[in-house]
Structure formats: C-alpha cells, structure tokens
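# What the coordinates show
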Amino acid sequence: ALPDAQELLAGLNPQQEEAVKHAGSPLLIIAGAGSGKTRVLSHRIAHLLATKRARPGEILAITFTNKAAAEMRERIESLVGDRAKNMWISTFHSSCVRILRREAKNVGLNSNFSIYDSADTLRLITLVAKGLDLDPKRFPPKSIQHKISALKNELIDDEAYAATANYSDPFEQAVAEVYKDYTQRMRQANAMDFDDLIAQVVFIFQAFPAVADSYRRRFRHVLVDEYQDTNHAQYVLVRELTGGTGETEQDFPPGELTVVGDSDQSIYAFRGADVRNIVEFEKDYANARTILLEQNYRSTQTILTAANAVISRNPNRPAKRLWTAEGDGERIIGYVGENEHDEARFIANEIDRLQDAENLRPGDVAIFYRTNAQSRSIEDLLIRVGLPYKVVGGTRFYERKEIKDALAYLRVLVNPDDVVNLRRILNEPKRGIGDRAEYAVAALAERDRLSFMEALRKAHDAPGMATRSVNAVAGFVKLIDDLTEVANGSGASAALEAVLEQTGYLAALRQSNDPQDESRVENLAELVAVVREYERDNEDGTLGSFLEQVALVADADQIPDAPDEESAQLAKDQGVVTLMTLHTAKGLEFPVVFLTGMEHGVFPHQRSMTDPKELAEERRLAYVGLTRARKRLYLTRSESRSLWGQSQYNPASQFIEEVPPELIDWKREGSKRPAFTSSGSFGSSRYSGSHWGAGAGGNQDVSSLPGSARSMAPAAVRAGRVQPQKEVIALTVGDRVNHTSFGNGTVLSLEGAGDKTVAKVKFDIGEKRLLLRYAPLTKS
Ligand code: ATP
Ligand code: MG
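Conventions we followed
- Counting starts from 1 at the beginning of each chain's written sequence and moves along it residue by residue.
- As they are written, the chains are lettered A onward and the ligands numbered 1 onward, keeping that order.
- Per-residue local features of the predicted model are confined to residues with pLDDT of at least 70, and side-chain atom pairs are confined, for both listing and counting, to 80 or more; whole-chain, interface and lining totals are unaffected and use all residues.
- Only DSSP runs of H or I reaching four residues or more are called helices, and only runs of E reaching two or more are called strands; each is numbered from the N terminus.
- Residues with at least 20 neighbouring C-beta atoms inside 10 Å of their own are called buried, those with 12 or fewer are called exposed, and the rest are partly exposed, where every C-beta is derived from the backbone.
- Note that contacts rest on C-beta atoms placed from the backbone: two residues are in contact if these are within 7 Å.
- By definition, two strands form a pair when at least two bridges between them are found by DSSP.
- Note on handedness: a crossover is taken as right-handed if, strands pointing away from the viewer, the path from the first strand over the helix to the second is clockwise.
- The rule is simple: place the C-beta atom from the backbone, and if it lies within 6 Å of a molecule or strand, the residue is near it.
- Three categories are distinguished: nonpolar for Ala, Val, Leu, Ile, Met, Phe, Trp, Tyr, Cys and Pro, charged for Asp, Glu, Lys and Arg, and polar for the others, with Gly belonging to the last.
- Axis definition: a line fit to C-alpha positions, over the contact stretch in the case of helices; interaxial angles, taken between N-to-C directions, run 0 to 180 degrees.
- Angles below 35 degrees are treated as roughly parallel, those above 145 as roughly antiparallel, those between 65 and 115 as roughly perpendicular, and all remaining angles as oblique.
- A crossing counts as left-handed when the near helix is turned anticlockwise from the far one by less than a right angle, and as right-handed when that turn is clockwise.
- Helices are assigned an expected span. That span is 1.5 Å times one less than the residue count.
- We define the nonpolar core as any set of buried residues of the types Ala, Val, Leu, Ile, Met, Phe, Trp, Tyr and Cys, connected via C-beta atoms lying within 7 Å of each other.

A count of helical and extended segments in the protein gives 32 helices and 21 strands. Expressed as a percentage of the 780 residues in the protein, the buried residues total 47%. For the protein, the share of sequence-separated contacts (at least 6 apart) that also reach a separation of at least 24 residues comes to 75%.

Moving on, we come to the pairing of strand S2 (residues 59-63). Summarising burial for S2: five of the five residues are buried, a large majority. What you see with S2 is no split at all: Ile59, Ala61 and Thr63 on one side and Leu60 and Ile62 on the other are buried throughout. Judged from the four bridges that link them, S2 and strand S6 (residues 221-224) form a sheet pairing that is parallel. Within S6, the position partnered with isoleucine 62 by the bridge is valine 224. Summarising the sheet, S2 and strand S3 (residues 88-91) pair through four bridges and their orientation is parallel. Looking across to S3, one finds that isoleucine 62 is bridged to serine 90. This β-α-β element, S2 to helix H4 (residues 66-80) to S3, shows right-handed connectivity.

Now for the site of ligand 1. Neighbouring residues of ligand 1: 19 residues in total, closest Gly36, Lys37, Thr38, Arg39 and Tyr297. The element best represented in the shell around ligand 1 is helix H3 (residues 37-50), accounting for three residues. Broken down by class, the residue content of the shell around ligand 1 amounts to four nonpolar, 10 polar and five charged.

Think of two packed helices as two axes; the pair is described by the angle between the axes and how far apart they sit. Their axes nearest at 9 Å, the elements helix H5 (residues 92-103) and helix H10 (residues 194-207) cross at an angle of 55 degrees. One element, H5, and the other, H10, form an angle in the oblique class. Relative to H10, H5 is oriented so that their crossing is left-handed. Within the contact between the two elements, H5 uses Phe92, His93, Cys96, Val97, Ile99, Leu100 and Glu103 and H10 uses Phe194, Leu197, Ile198, Gln200, Val201 and Ile204. Tallied by class, the residues present in the contact of H5 with H10 amount to 10 nonpolar, two polar and one charged.

Across the 11 residues of helix H15 (residues 301-311), nine count as buried, placing the element largely inside the fold. Turning to H15, its buried residues are Thr302, Ile303, Leu304, Thr305, Ala306, Ala307, Asn308, Val310 and Ile311.

This part takes up helix H19 (residues 401-414). Over its 14 residues, H19 runs 20 Å from end to end, which matches the ideal 20 Å to within 8%, given 1.5 Å per residue. The buried fraction of H19 is high, at 12 of 14 residues. All buried positions along H19 are accounted for by Glu402, Ile403, Asp405, Ala406, Leu407, Ala408, Tyr409, Leu410, Arg411, Val412, Leu413 and Val414.

Right, let's get into the nonpolar core. Counting residues in each nonpolar core, the largest one holds 144 residues, and the members touching the most others are Ala61, Ala406, Leu410 and Val441. When residues in this core are grouped by element, the largest group, nine residues, is from H19. Ignoring anything within four residues of it in the chain, the contact list for valine 441 reads Phe452, Ala455, Leu456, Ala459 and Ala462. Counting residues in each nonpolar core, the second largest holds 59 residues, with Leu322, Phe346, Tyr634 and Ile664 among its members.

Right, here's the structure in full:
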C-alpha cells in the first residue's frame, strides 16, 4: 500500500518538506552535495501519488546517468512499490529514444533506426572528410566531430550552420561541408548519433505542435535531477515538455516542473552543459519558486570540510557552506605509492583490512579515477587478490573490437541500411572483399542511388569489380540473408551465436596463436552471457530492443551488472567493489571512497593546466568526488606512473594540497628524494600528520599487509594480464554438476579449452552456457 502523505514527510527537514509539498509554479531546488536533492525528488513523486495529484503515468523523472536513473527508480519503488513501473524514470537519452521510436515517421525515419555511439560517428566523419579530400592533419576528424556535436547541442543543424558559418575560416568551412554530408549519410543509414536523440525530439515537438501537445498532456509532472549539467538542447526539450513558452494555444494548463541541481557539481561543460540554465532559472520561468537546502546528511564533517576547502577556491561562486549533524568522524587517509601498482596494492589491502576489522562489505567501497585508462592497474590487483569488482563505464567492454564487430553484425541484421556497420563487417573476418571492391560498390550505390546493401546485391554490375570479388560479395550477401532469417525466427541470442559461428569469426580467433585472440573469445562468451541475461530478464525482448539497450548503456556509463553467474550471486550477498571515473560517480554515495591518481597532470587533468575555466571544472569534479564519501575517504597518488608506455613522475595534485593538512593521516608520504617538478608551483609537496607505519594502531603500514598481495612484485603485474587464480573445473560431457544458483544439472557439451572453456549444461530451469572460469560449479 502507498504510505500516506504524512508518512512521506516524516524525517524531512522544513526546507525539504516545503519542496515536497510545493504545488503549481516551477520549482528550483539548489543545494550542495548530499543535502537530499534526489531524496526530495523521490519523495515528491511519492507525495504526488499519495495526495492524488498525479497518476504514475503522468510522471517523467530525468536523471543524468543510467546508474543514477536505476538508483532513483529503486528509491521510488521502495516508497510506492509497483506503481513506479508506469513512470518514466530515465536519462534524457533513453526518454528521447522512447519518444523517437514512436514518432520516427514524422522525421522521415524508420522506427528501427540505429544509434551510433561516438566511435561509429567518428568513423563516418572520417569517411566523409576523406571523401571531401580534407587533410586529416589540418582538420582532424576528432575536432570536426567535437564541433558538430557542439552545434547539435546548440540545436544548430547543418543548414543553419551552412548559413551562418564563417567561410573565411578554413576550419569552419570544413565543418560546414562535413556536417552537410554527414547529416545526409546518417539519414541514408537510418541512424542517429547521441546528440540527434535530443535534437530530433526538440525538432519534432517544434515542427508538430500536436505531437508536442500529446506529450505535454501526458506528462503533468516533469522532474529533472542534476539540472546544472543540462545543455541547451536539453533545456529547450524541458521547456517544450512543460509548455513553458506560452506561445501555443492549449486547452490544458502547463505541466509542473521541478528541477534540482548544484552549480558546484557542473562537470559536463565539454558536452555543452551550461550552468546558466540553473543560474537563470528564475529569469526563464517567471513566478518560479526557489528552495535552498543546506544540511548535509551524507558525509562526516571531516569530509565536508575537505570538500568545502577545495571548492571554495573556485572564483565567482556564492559562498555556500555545507554542514552536518554527523560529527567529525574518521580522519582522511592519505597514501603515496611508489608507482601505480603500489598504490593499487595499498587500496586492495585497506579494503581487506576494513573487511576484517569493521565488517565492511566490498559493495560499500568505490574507487574513482580521472580517466578510464587508470583502471587497469587497479583491476589487475583486485583480480590478483580475489576481490570481486565491477567497472562502471562502457568503454571497457563495449569498445573492444570483437564486441563491436559482433554488435555490428547484429545491427545490420536489424537495419540493413546501417552503412557504417555494414562496411565495418564487410571484410571482417577476411573474406576477400578488399578496399577496391568496397569502393566500387560505394560508387555503384552513389551512381544508382542505392543503399549500400542494395548495391552489394548488384555488385556484378559495379564497374571495375574483379570476378573474384563479385563472388566474395555474393557469399557475403547470402550470409547476411541467412543470418537475418535466424534473427527474425529465433531471437537475439540465437542470432548472436549464429553470427559468431557462421561468419567464421570465432573459428578464426580459435585458430590464432595470438594470446589477445584468446581473450577475445572470452569476451565474446561474455557477450553471449549478456544477451542471455537480457533475454532472461525481458521476456518480450527482441534483438532490436537488446541493441538499443546496449547502445545506450555503452555510451553513457554502465555495463550491465555482473555478466557472469558467480559475480551475480556475489553481488547479491556482498556487493562488489565499484570502479568508475569521477564523471560517472555523480549523484552516487558510498561508505568508503578512494580518490586515486591525485597527481598534478592526472587530476587536475593535463589539459586544464593553461586554462582557468578548465581548472575550475576539474575542481568541481574534485568536489563531486570528495562528497561521494559517507564515512571514510582515502586520497592516494603515486610517485611514478606509466602512461602511454612511459614513466611519468608527477607531483601531488593541488587538490590534495588544498585540503587542510590536519584532516589527513598519511600512511606513506612518498620517498625522501626530491619530487620531480614539472611546473614549479605545485612541485613542493608538503605533508603533515604521521609518517608511514606510524598510523593509528600501528598495524596499517604496508609491511604487515596480507601475504598474497605483499609477495607480489609490481613487475609481475606489469608483465601482462593477470588471470584469476581459480582452478578451472575439469568436466566431460555427461558429468552431473551442481551450481550454486541453478542447482543440479548435466553437462551437454564443452567448447574451448583451459580457462576459456564454455560448458553447456542442462539444469531444471533450462539450458545454460557457462564460462567455467567464473561459474560456481562443483561435480556432484
Ligand atoms: P548529490 O548532490 O550528491 O546528488 P543530493 O543532494 O541528491 O546529493 P541525496 O542523495 O538525496 O543528496 O541525499 C544524500 C543522503 O542523505 C542520502 O543517503 C539520503 O537518503 C540522506 N538524506 C537526505 N535527506 C535526509 C533526511 N531528511 N533525513 C535522513 N537522511 C536524509
Ligand atoms: Mg543527487
């Protein structure tokens, strides 16, 4: 049953209560980290239902990352139960995809359009620029991509840009040309990039007022979390949804808008986020009500004091002090590793120690870093010591070549017009269709105005095609047709397995002697597991809907939790250590937080060294990171770090120096040799607090760390991929086995060898394919 309205207000402070009860005019809640903004949103939604001011289907709640959306859904579900199912609680991108699928015909798209992530987009832009004979050194495709993205975020389409660009500037001219061709190619490919998702919805709303009205009528309450990170397109979208312009005639009142945010946590300027949206809310929305929250319920005073000290160095911000009734809590712990492996080892050992001494669960711990590349050394060590973890952040898994290849096949099966993916797989694995044949087909498509797929079917007509190539192309077309049949008849996982087998992709990897190809096979096995899990969780899920989810997940931030059975089980009991970039951490909280790589040039990022604006953004990112911690905060760095194959010696991050020294307890403060200084001012690291080994209780120094970790020389980690040490169970077909979640079963088949063995097992609940390295199986 729904809690009554009064229960929902219990425990809120007066400002929070006011925000939950407010009705009518647009509402802005601004407040520092951990002051209950997201909690107020959740309670507000529940309160709307409890007071019968809204039905679930009338609620649209928008957050920034998939992870934050999932957490908000959980919070709301815990208040209103199943009613949450009928609400839209999602990211901007997911909501827009949903709207687009329904309205696609209005923009001349099929509703089965592909979503291109930024790597796909870059591929296409590179192709287009090449076609225009643009010198990639003068006009790097990446810069063009960035500019086009920025234009889309400003809702400037190719035509508008062509009309306003400064043609005496060669770069602007190049962008205008590429933008035009790119737009056309995307249309031909029936594809959207990430920025299109938002811009196209805005376009539809503006061009088709009746469509816009239907959504305005539907969503009577629009609530946006992390409003400080909205860009112009998102801002306009929100305005359109709540009918804020007053320009259209409506026979119903505008929907109610609630936005919450914190300008100190604005960290997406590089994606066009504009803090002015929050700063000028009161100007944009006449009669808006603003509520400030000041009490922090998340962190200890020590953590807040540190965060306040860092953020207060940013210029042009209103002084704002968070306070808490929590008390000081533990001191912050600092550690300087000799190198990144030593730093990682310290982290792993601290987690180990806290597990023993304080009954901490791995799920209580988060490890943050500035850039994705930094996760590798930490991952290596966590694997080595057997601490279960997950990396939140798509790049790792979905950006791998083999995964992208497999997904490219699947995308083509769903949308044969998807030319980028089609060309990606044309000769992958090698089947004798070379560049010349590819260009001949492209030329034919151009000449006869065919889609690339249609041109492939007529390849025998293409001028300049060798007979050999014609045959190879015919084979490819036949292959795609066969696979399409499987996809249409048997669903997503069958399609993926058919792709891997029938294309010869898997066979080629299995025959290879390259050790990297072994791990590719393993990754593909993981992908199969991901699809199966998707099918298990979504009974009506189609290949198309799976691909959509992957596209959104891969770009935004999240890899589906626990792709294998064992970690799924562990995740339930104990949770796993979470690794993520600081950007992804926004909105989340953890009892224990490690901020790693706190080095000048790493964080703050090298790029921000010469630009005060960028440095201010890095500082906000530091503020976001520091304020994720509830009870314990660690700041770690290393004296040397290998980046891009070279050792770098970075001095301490200025953000460490800005934390009042009495708050930090140093467990190891770095070697006595003078720190390498790259740019004078930050080079002289000064430390206070205890020296290493002299920490509280005296048992925290590195020499008393658990054996497995201590005995491992960092060099061993650096030498290569560290595999889990778990023995792979030896099985033969027909063996009876027991699985911790699926119960008893019989082995039907085995593929691969060693720790890449995949077993097909028949359980009572059905057949499962298990990667033996991970599966919690015993012989019975
Ligand atoms: P961020 O800026 O990081 O997104 P936030 O302002 O959204 O933070 P929340 O995540 O909503 O803050 O709240 C932080 C923590 O404080 C949560 O654990 C929340 O449950 C708790 N909290 C908020 N308000 C109260 C309250 N009135 N009583 C008890 N706990 C509260
Ligand atoms: Mg929040």
